[in-house]
Amino acid sequence: ECDWSSDVCSSDLHHIDHRWGGVMHGTQMSRMAAAWLIALACSGPAWAAVDGAALFAQHCAACHQNEGQGTVGLAPALKGAHWEKLGADRTYLPTVLLHGLSGPIVVNGERHSSSMPAFGPALDNAALAGIANHLQTTIQQRNDAPLTETEFQAVRESGGSPPKSREQRAKALK
């Protein structure tokens, strides 16, 4: 732990200050350090925001393609009229991302019977919300309220399985 008034920390800040061409001493360096730490703490989500597009590219695009058009015989399209109904159930997308999906489904007139893996064990709620929000806004071009980490946590805690995700899908599409 660093005491900003100590010689070590003041010396480090002094070197930083000189690299920037300034001349600060003692209390000024402590104030600069405090201001920097406050700014860093207050900017939390802005600098630590999840890049949903990058996560989608890393975890989803291999099967669903970059634009969500899907791969014939492998993975369904992630856009189409059916998403109006599926999107009305705010737990559907978190359920599929967290618990996977298996069994036969029909998407845009194409029958699919492959399985989507559960990403819940590998990705945290922030990453999954980032993927979901990228999917909704960029790929599906929907204006739904962003899905939150809290919503993902609630779905995570409620449990699920790939077959249960398919059952939820069937109910949402009725």
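The rules behind each value
Within any chain, residue numbers begin from 1 and follow the written order of that chain's sequence. Restriction of local features to residues with pLDDT of at least 70 applies here, the model being predicted, together with a cutoff of 80 or more for giving and counting side-chain atom pairs; totals for whole chains, interfaces and linings are based on all residues. Where side-chain values are given, they derive from all heavy atoms of the structure, hydrogens and water being excluded. A pair is scored as a salt bridge if a Lys or Arg side-chain nitrogen falls within 4 Å of a carboxyl oxygen belonging to Asp or Glu. Under the scheme used here, helices are H or I runs from DSSP no shorter than 4 residues and strands are E runs no shorter than 2 residues, and both carry numbers assigned from the N terminus. A simple rule labels every residue: compare its accessible area, found with a 1.4 Å probe on the protein chains alone, to the largest value its type can have, and call it buried under 20%, exposed over 50%, or partly exposed in between. Cavity: a set of points on a 1 Å grid over the protein atoms alone where a 1.4 Å probe fits but cannot get out. Pocket: an open set with protein on both sides within 12 Å along at least five of seven lines, its lining residues, like those of a cavity, having an atom within 4 Å of a point. Grid points are joined across faces, edges and corners, and a volume is the space filled by probe spheres set on the points. Polar here means any residue outside two lists: the nonpolar Ala, Val, Leu, Ile, Met, Phe, Trp, Tyr, Cys and Pro, and the charged Asp, Glu, Lys and Arg; Gly therefore counts as polar. Values of pLDDT, the confidence the predictor places in each residue, fall between 0 and 100. Residues count as neighbours in contact if any of their non-hydrogen atoms are within 4.5 Å of one another. Within 3.5 Å is the distance limit for a polar contact, defined as a pair of N or O atoms, with the added protein rule that one can donate a hydrogen and the other accept it, and that residues adjacent in sequence qualify only through two side-chain atoms. Expected span of a helix: the number of residues minus one, times 1.5 Å. Think of the arc as the fan of directions from the helix axis to the C-beta atoms.

Participant: Sorry, what's going on with the pattern of salt bridges here?
Facilitator: Side chains that differ in charge, positive against negative, can pair when their charged atoms come close. Tallied over the entire structure, the rule returns two salt bridges. Note that Glu151 and Arg90 form a salt bridge whose closest N and O atoms lie 2.8 Å from each other. Highlighted residues: Glu151 in helix H9 (residues 149-158) and Arg90 in the loop between helix H6 (82-88) and helix H7 (92-99), separated in sequence by 61 residues. For Glu151, a relative accessible area of 24% translates into the label partly exposed. By relative accessible area, Arg90 is classed as partly exposed at 31%. The salt bridge partner of Arg142 is Asp144, with a shortest N-O separation of 2.1 Å. The exposure class assigned to Arg142 is buried, which follows from its relative accessible area of 8%.

Participant: Honestly, the layout of surface pockets in this entry has me stumped. Any pointers?
Facilitator: Any empty space left between atoms is shown by rolling a water-sized probe over those atoms. Taken as a whole, the largest pocket holds about 440 Å³ of empty space. Considering the residues around the largest pocket, the lining is formed by 30 residues, among which His64, Pro76, Leu78, Val96 and Met116 are closest to the centre. At the level of elements, helix H4 (52-59), helix H5 (61-64), H6, H7, strand S1 (105-107) and helix H8 (125-139) are the ones that each hand at least two residues to the lining of the largest pocket. Of the residues forming the lining of the largest pocket, the biggest block, four residues, is contributed by H7. Class assignment for the residues of the lining of the largest pocket results in 21 nonpolar, eight polar and one charged.

Participant: What is the right way to read the confidence of the model for the protein chain from this model?
Facilitator: Detailed conclusions should not be drawn from predicted coordinates in areas where pLDDT is low. When pLDDT is averaged across the protein chain, the result is 80; 72% of the residues are at 70 or more. Counted against residues more than four places away or in other chains, residues 1-21, with its pLDDT under 50, gives 21 contacts. Under a pLDDT of 50 for its full length, residues 39-48 has, in the predicted model, one contact with residues more than four places off or in other chains.

Participant: What is the right way to read the environment of Asp51 from this model?
Facilitator: Relative to the assigned elements, Asp51 resides in the loop between helix H3 (44-48) and H4. For Asp51, a relative accessible area of 45% translates into the label partly exposed. Through-space distance from the C-alpha of Asp51 to that of Ala127 is 7.9 Å; in sequence the pair is 76 residues apart. A polar contact is formed between the side chain of Asp51 and the backbone nitrogen of Ala53, at a distance of 3.3 Å. A polar contact of 3.1 Å, which involves the side chain of Asp51, links it to the backbone nitrogen of Ala54.

Participant: How do you make sense of helix H10 (residues 162-173) when you look at a structure like this?
Facilitator: Structural remark: α-helix, 3.6 residues per turn; residues separated by three or four positions point the same way. Look at H10: 17 Å from first C-alpha to last across 12 residues, which is about the 16 Å you get at 1.5 Å a residue. Buried within H10 are the following residues: Ser165, Gln168, Arg169 and Ala172. All buried residues of H10 lie within an arc of 105° about the axis, which places them on one face of the element. The outward face of H10, more than 90 degrees from its buried face, is lined by the exposed residues Lys164 and Lys171. Buried residues along H10 sit in contact with H6, H7 and S1.

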